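Read off the chains here:
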Amino acid sequence: MTDIHPAPDHAVPPACPAHDKAVALAGLEYQQTPSELYRGLRAEHGAVAPVLLDGSIPAWLVLGYAEVSYVTSHDELFARDSRRWNQWDAIPPDWPLLPYVGYQPSVLFTEGEEHRRRAGVISQALAGVDQFELARDCRQLADHLIASFAGSGRAELMRDYAHALPMRAAVRMCGMPHGGDETRQLVEDLRVSLDAAEGDDPVAAYARVGERIHRLVRHKRERPGPDVTSRMLTHPAGLTDEEIVQDLISVIAAAQQPTANWIGNTLRLLLTDERFALNVSGGRLSVGEALNEVLWLDTPTQNFIGRWAVNDTQLGGRQIRAGDCLVLGLAAANTDPQLWPEAHVGAENSAHLSFSNGEHRCPYPAPLLADVMARTAVETLLERLPDLVLAVEPDELTWRPSIWMRGLTALPALFTPVVP
Ligand code: HEM
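These figures come from a predicted structure and were not determined experimentally.

Calculation criteria
- Throughout, residues of each chain are indexed from 1 in the direction in which the sequence is written.
- Two thresholds apply to this predicted model, a pLDDT of at least 70 for residue-level local features and 80 or more for giving and counting side-chain atom pairs, whereas whole-chain, interface and lining totals are computed over all residues.
- Working definition: helices are DSSP H or I runs of at least four residues, strands are E runs of at least two. Numbering for both runs from the N terminus.
- When we talk radius of gyration, it's over C-alpha atoms, and the globule rule is simply 2.2 Å times the number of residues to the 0.38.
- Neighbour counting defines burial: a residue surrounded by 20 or more other C-beta atoms within 10 Å of its own C-beta is buried, one with 12 or fewer is exposed, and intermediate counts give partly exposed, using backbone-placed C-beta atoms.
- Once C-beta atoms have been placed from the backbone, residue pairs whose C-beta atoms lie within 7 Å are recorded as contacts.
- In plain words, the nonpolar core is the set of buried Ala, Val, Leu, Ile, Met, Phe, Trp, Tyr and Cys residues that C-beta atoms within 7 Å link up.
- Any two strands between which DSSP finds at least two bridges are classified as paired.
- pLDDT is a per-residue confidence score from the predictor, ranging from 0 to 100.

1. Some remarks on the overall build of the protein
Phase 1 of the analysis: Along the backbone of the protein there are 15 helices and 11 strands.
Phase 2 of the analysis: Taking 2.2 N^0.38 as the reference for a compact globule, 420 residues should give roughly 22 Å; the C-alpha atoms of the protein span a radius of gyration of 21 Å, in line with that estimate.
Phase 3 of the analysis: Along the first, second and third principal axes, the C-alpha atoms of the protein reach 65 × 55 × 40 Å.
Phase 4 of the analysis: With 420 residues in all, the protein has 47% of them scored as buried.
Phase 5 of the analysis: In the protein, of all internal contacts separated by at least 6 residues, the share reaching a separation of at least 24 is 75%.

2. Points about the nonpolar core
Phase 1 of the analysis: Grouped together as the largest cluster of nonpolar side chains are 75 residues, with contacts concentrated most on A162, L165, C174, I252, I263, M373 and A377.
Phase 2 of the analysis: By residue number, the principal contributor to this core is helix α12 (residues 241-272), which donates 14 residues.
Phase 3 of the analysis: If near-sequence neighbours (up to four positions away) are discounted, L165 is found in contact with C138, L141, A142, L145, I263, M373 and A377.
Phase 4 of the analysis: V51, L63, F304 and W308 belong to the second-largest nonpolar core, a separate cluster that totals 44 residues.

3. Considerations on the sheet that holds strand β11 (residues 412-414)
To summarise the sheet geometry, strands pair through backbone hydrogen bonds and adopt either a parallel or an antiparallel arrangement.
Phase 1 of the analysis: If you trace the three strands from one edge of the open sheet to the other, you get β5-β11-β10, paired in antiparallel fashion. The open sheet has two free edges, formed respectively by β5 (154-156) and β10 (389-390), since each of these has just one partner strand.
Phase 2 of the analysis: Pairing of β5 with β11, which is carried by three bridges, proceeds in the antiparallel orientation. Residue pairing in the sheet places R154 in a bridge with L414 of β11.

4. Looking at the confidence of the model for the protein
Phase 1 of the analysis: On average, residues of the protein carry a pLDDT of 89, and 90% of them reach 70 or more.
Phase 2 of the analysis: Note that pLDDT drops below 50 for residues 1-14; the model gives that stretch 27 contacts with residues more than four away or on any other chain.

5. Some thoughts on the pairing of strand β9 (residues 325-328)
Phase 1 of the analysis: What you see with β9 is no split at all: C325 and V327 on one side and L326 and L328 on the other are buried throughout.
Phase 2 of the analysis: Both strand β3 (residues 57-62) and β9 contribute to a ladder of three bridges, which runs parallel. When the bridges of β9 are listed, L61 appears paired with V327.
Phase 3 of the analysis: When strand β6 (residues 304-309) meets β9, the two strands line up antiparallel, connected through four bridges. Among the inter-strand pairings, R307 is bridged to a residue of β9, identified as L326.

Below is the structure:
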């Protein structure tokens, strides 16, 4: 973890009166039924609501589709470097959201020309991934994972499948020697670093992720190969090893966690919604439609922290002070009634904000690679285990406590055992 400096000329502002009514973005209601919380916040506060992050730290949740689009396309007003935050004096060193909010010298927090340089290297390194090869790799990985539980007639699909597959695919893409324990530990550390759950140490977990990526970069300097890491190392932009480590952590965390939850949320939809009537061959909607519907209605990266106001400004009728934190409410924005005036929320196109928007959006071609992983994972599972059903009632499923991620803690399923 790199050091975090409060912006020198921004003192903690006097208490904001709007935050007297702020709601914590945590707790059971948030965890189980965030869409109701967003609806309530929108009804009470409009498109920009005062909220409290862990430890009662004030921030703004941007709930409106137009407002999220505006914030993400005006970097000169709402910028990415979190050192601007006027709350750093109130934040303890073990604050659970620190791993992805505390400034790091990574692509995530760079701005302007420097951001274009770093994001350009990532985009070009990802563009070297052959999507047909990735689909073939994912199918192999899927078959291998399914074989490990197919004979038993039951599986916990989040742990045994949805998290494991994109992690292994990402690790392969980046040229990491893939082995059981190393990969499993990386998945576990990424989960802990994003969940900020009671009893976990997200800061230490994030540091362990960094150590693993350091080892990978050292290894690839000595033995480059046809992988994302080596393409970043040999890119003419000449990134330093430290910059590459930082950016690879962003790539691997960004690839694994949302893609895993995209797979999990899609499987849940397919297993619980009669329009998809498993087996899928009998359903009226396709896997592709289910994947797209999830991006609109149950998106994996439900909130993203965030942007920081460069100057005093206004947004959605709110007075925003320089250094205030804005949380991008991507899930809330996708279901904004301004967008769906007839109270019908559908999934006819892909104009959702699930990959965010603007300069810092999920970089091309990452959404396409995520689509290959998620589609192959879901289709292969349904082909191999066509009578898959949920092992519990739908309302017994529970959600992770993460502010960032909308993902199930577990997805237990049953099927007729398949003997190899
Ligand atoms: C192969 C899989 C993926 C890779 C390699 C990837 C990579 C990245 C990277 C490197 C960033 C940082 C961009 C920057 O700050 O300039 C990013 C941001 C982001 N990604 Fe992805 N991503 C993947 C999949 C996904 C999926 C499945 C989702 C959600 C459905 C997603 C949603 C986002 C969001 C919301 C951001 C934040 C953008 C912002 O700050 O506005 N990503 N991704």
